[in-house]
Amino acid sequence: MNYQKYTLFLFLIIYHLMVTAQNEWVVPQDKKGKLSPFEFSATSKSKGELLYKTNCMSCHGNPGKADFQKMTPPPGDPAMQKFQLNSDGELFYKISEGRDFMPSFKNVISQDEIWDLISYLRSFNAEYEHSFVIPSEKSAYGGIVTIALSHLQDKGKIIVEVKGLKNGLTENIEGAEVVLRVKRTFGNLIVDEPKVTDNNGFAEFLEPLDIPGDKDGNLNLIAQLSNQDLYGVTIADTILSVGKQFTSVSLTQDRAMWNTVKKAPVWLIFSFSIAVFLAWGTIFYVVLQLKKIFDIGNR
């Protein structure tokens, strides 16, 4: 009998250790000390709050409310001490890489946006002291990097050209990872897979023909280099006619539930009119019966 108890006890201990090991998120040592490339401010916090509500709140809930989703491992509340014990570098790594139910955001939002998000998360820690990289340490390249976008309509491709200017000489930037997104109100959409520039500094992306643009198919494209430690924050913002032609229609043009009374659905107007008629008819009938009772009483 005691043997069975000891076996069960040992099993529970091993199970607990396995679950704990599974929940532990190990961050590479060289990533833990990573610092933000700018000082956190009210502006970065405001940007981060919007990013959190768009990308994180559905799982992590409202910070400080402990209303995160019940998952294994649990997402956790960003305002909790366990969450805040992570270094800035650890938070950056986990948000960038993701694991299990936690998606990777490195190709969804830019590195600066990840730091904006961390800026917002740190606002829930009164003891947090911020350290950041001084401007001279932002780029290891030592020159100016530019991005240009063009459209090869006959081949259905978007060409991203990356050039560098260093010591007065222009050169092609080879081996730089480029992420291409379409600007949207509620989070930018990634286009194709991230590409790496060839020896001529070019990266090719397929046209996002399934993404609706304006009536001419124009899309606002944002190209950015992922290697910010090497090339700094390098972004190009260009409008190209590479999307699906789309003409927006006014939501109040046709009869609909949300429209004005004159453009409400006919069945709704008819039903409402009948309901009003029956209601007033009932009231009139009750009043008439009361009058009859009153007259009978007087006689």
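Residues numbered from 1 in each chain as written. Predicted model: local features only at pLDDT ≥ 70, side-chain atom pairs only at ≥ 80, totals over all residues. Heavy atoms only, no water.

The next point concerns the confidence of the model for the chain. In this model, the chain carries an average pLDDT of 86, and 90% of its residues clear a pLDDT of 70 or more. The least confident element of the chain, judged by mean pLDDT, is helix H1 (residues 2–23) at 56; the most confident is strand S7 (residues 202–206) at 96. (pLDDT = per-residue confidence, 0-100. Helix = DSSP H or I, 4+ residues; strand = E, 2+ residues; numbered from the N terminus.)

In this section: helix H7 (residues 111–122). The first and last C-alpha atoms of H7 sit 17 Å apart over twelve residues, in line with the 16 Å expected at 1.5 Å per residue. For H7, the buried fraction is high: eleven of the twelve residues fall into the buried class. Within H7, the full set of buried residues consists of Gln111, Asp112, Ile114, Trp115, Asp116, Leu117, Ile118, Ser119, Tyr120, Leu121 and Arg122. Its buried side turned inward, H7 meets helix H3 (42–55), helix H5 (81–84), helix H6 (88–97) and helix H8 (228–231). (Expected span 1.5 Å × (residues − 1). Buried < 20%, exposed > 50% of the residue type's maximum accessible area, 1.4 Å probe, protein only. Contact = heavy atoms within 4.5 Å.)

This next bit is on the pattern of salt bridges. Within this structure, the stated rule accounts for nine salt bridges. Here Arg122 ties to Asp88 by a salt bridge, and the two come within 2.9 Å at their closest N and O atoms. Pair noted here: Arg122 is in helix H7 and Asp88 is in helix H6, with a separation of 34 residues, a long-range link. Accessibility expressed as a relative area gives 5% for Arg122, which makes it buried. Given a relative accessible area of 8%, Asp88 falls into the buried group. The salt bridge partner of Asp295 is Lys291, with a shortest N-O separation of 3.1 Å. In this pair, Asp295 and Lys291 are both assigned in helix H9 (residues 266–298), four residues apart and thus about one turn of the helix distant. The exposure class assigned to Asp295 is partly exposed, which follows from its relative accessible area of 27%. Since its relative accessible area comes to 49%, Lys291 is described here as partly exposed. (Salt bridge = Lys/Arg side-chain N within 4 Å of Asp/Glu carboxyl O.)

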